[in-house]
Amino acid sequence: MKKVVKPVVFAATITMLASSLMMGTSNVSAMEKANQATEVDLEVMTYNLRYLNTSDPSPHTWAERVPAIKRLIDKEQPDIMGTQEVLYPQLQDLEEVLPNYDYIGLGREGGSKGEYSAIFYNKNRYSPLEFDHFWLSDTPDVIGSMTWGNRIPRMVTWAKFFDKKTNQEFYAVNTHFDHQSVNAREKSAELILEKIKDFDPELPVLLTGDFNTAPDSTPYQTLTSLGAFHDLWETADVRYNEHLGTFNGFHDPTGGGPTRRIDWVMGKGNVEAHSIEIIDESKNGQFPSDHYPVISDVTLSYN
């Protein structure tokens, strides 16, 4: 993986708008290293936000859901949030109602086209040192590429973050696996493991996503095998809403039950989950999205 050091961006438009912040490959200065803490405490969330369309009936139109999503995020205050399915206009709306957050993302068809797997982060505490994207195919550097039987492009967005509070670094990886092709999901898991080999092995990695498959599947076993990732749902000290799945479809309060827990938060390295929760929030028959978000309170440890 070619890890490109880039300026911080907001929406990844065709021209990739850049901000004034530029950080190099040296990561942190000697003074910052001297002041590094040994632990980073943060809240990490995965949230499929249901793409903008004209077919979702009231009260589940995007315009009606934005205030509900804002309330949920303001309440939970995730530090890092991997999102799936959002389109560029939705990202603009979220940027407006969530002023404490910036995001990193690119449309899966290039520029601002198609759904994003955007990573939101609390900009008051975190800065991206570097980030990139790759497509879930045999040609991962080719924008919009598909070779595994999926009919729409699937991709990964990743970033290395600097925590201003502790002077430590960590990676966040976010994805959305295909909903139809078993082969694509299986190969996607393999490719993620191959790509993260280029990450700094000393740093923790957080993986979020809608994986469109259950924990008894081959992609799950691939991601959690051979000391790769561990599922924070399984390792957390406390789990909330164990009886739920994560796909409610705007109508099922059970989220499909535990066999439909298809949205995961995983960790690699020294990642300890104190708690994890499927947030089954709804009000007056309205669900903020057709997926429930999953949030985990974690500690990243450093030697």
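Up top is the structure.
As the structure is a prediction and not an experimental result, all values here were calculated from the model.

Undergrad: Give a description of helix α2 (residues 62-76) that names residues and reports values.
TA: Here α2 spans 20 Å end to end across 15 residues, near enough to the 21 Å set by a 1.5 Å rise per residue. All of the buried residues in α2 are W62, R65, V66, A68, I69, L72, I73 and E76. Summarising the contacts, the buried residues of α2 are in contact with β1 (39-48), β2 (80-84), α3 (88-97), β3 (101-104) and β13 (294-301). Count one or two residues on from α2 and you reach Q77, which has phi positive near 50°.

Undergrad: Pulling in residues and values, what's your account of the nonpolar core?
TA: Among the nonpolar cores identified, the biggest contains 55 residues, and F161, L223 and F229 are the most heavily contacted of them. With five residues, helix α4 (residues 182-195) is the largest single contributor of residues to this core. Leave out the neighbours within four places in its chain, and F229 touches I192, L193, I196, V205, L207, L223, T224, M266, G267 and K268. Formed by 21 residues, the second largest nonpolar core is a distinct cluster that contains Y47, V66, L91 and A118.

Undergrad: Describe the pairing of β2, listing the residues and the values that go with them.
TA: Burial analysis of β2 places five of its five residues in the buried class, which makes it a mostly covered element. Of the pairings in the sheet, the one linking β1 to β2 comprises five bridges and is parallel in character. Paired with V44 across the strands is I80, a residue of β2. In this region the chain leaves β1, passes through α2 and returns to the parallel neighbour β2; the handedness of that crossover is right-handed. Judged from the three bridges that link them, β2 and strand β4 (residues 119-122) form a sheet pairing that is antiparallel. Paired with G82 across the bridge in β4 is I119.

Undergrad: Lay out the pattern of salt bridges in plain terms, naming residues and giving numbers.
TA: Evaluation of the coordinates by the stated rule reveals 14 salt bridges. Here D141 ties to K195 by a salt bridge, and the two come within 4.0 Å at their closest N and O atoms. Here D141 is found in the loop between β5 (126-135) and β6 (155-163), whereas its partner K195 is found in helix α4, with 54 residues between them in sequence. E194 serves as the salt-bridge partner of K197, at 3.1 Å between the closest nitrogen and oxygen. Of the residues examined, K197 reaches a relative accessible area of 61% and is grouped as exposed. Judged by relative accessible area, E194 falls into the partly exposed class, the value being 45%. Salt bridges here are not isolated pairs; linked through shared partners, they connect R50, D56 and D290.

Undergrad: So what's going on with the packing of aromatic side chains? Residues and values would help.
TA: Under the defined criterion, the tally for this structure stands at eleven aromatic pairs. Ring centres of Y103 and F120 lie 5.3 Å apart, and the angle between their planes is 35°; on these two criteria the pair is classed as tilted. Highlighted residues: Y103 in strand β3 and F120 in strand β4, separated in sequence by 17 residues. Across this residue pair, the class does not change: Y103 and F120 are buried. A centroid spacing of 5.0 Å and a plane angle of 55° characterise the contact between W158 and F199, whose relative ring orientation is tilted. Taken together, the residues W158 in strand β6 and F199 in the loop between α4 and β8 (205-210) connect sequence positions 41 residues apart. Look at W158 and you get buried, because its relative accessible area is 0%. Grouping aromatic residues by their ring pairs yields a cluster made of Y121, Y126, F161 and F170. Across the ring face of F134, the terminal group of K195 is positioned such that the distance to the ring centre comes to 5.5 Å.

Undergrad: Go over the pairing of β6, please, and point to the residues and values.
TA: Burial within β6 is extensive, with nine of its nine residues counted as buried. Of the pairings in the sheet, the one linking β5 to β6 comprises nine bridges and is antiparallel in character. Along β6, the bridge assignment pairs W135 with M155. As defined by bridge partners, β6 adjoins strand β7 (residues 168-176) across eight bridges and the pair is classed as antiparallel. Looking at β7, one finds that W158 is bridged to V173.

Criteria and thresholds
- Residues numbered from 1 in each chain as written.
- Predicted model: local features only at pLDDT ≥ 70, side-chain atom pairs only at ≥ 80, totals over all residues.
- Heavy atoms only, no water.
- Helix = DSSP H or I, 4+ residues; strand = E, 2+ residues; numbered from the N terminus.
- Expected span 1.5 Å × (residues − 1).
- Buried < 20%, exposed > 50% of the residue type's maximum accessible area, 1.4 Å probe, protein only.
- Contact = heavy atoms within 4.5 Å.
- Core = buried A, V, L, I, M, F, W, Y, C linked by side-chain atoms within 4.5 Å.
- Pairing = 2+ DSSP bridges.
- Right-handed = clockwise from strand over helix to strand, strands pointing away.
- Salt bridge = Lys/Arg side-chain N within 4 Å of Asp/Glu carboxyl O.
- Phe/Tyr/Trp six-rings, centres within 6.5 Å; stacked < 30°, edge-to-face > 60°.
- Lys NZ or Arg CZ within 6 Å of the ring centre and 35° of its normal.

Function cannot be read off these values alone, since they describe shape.
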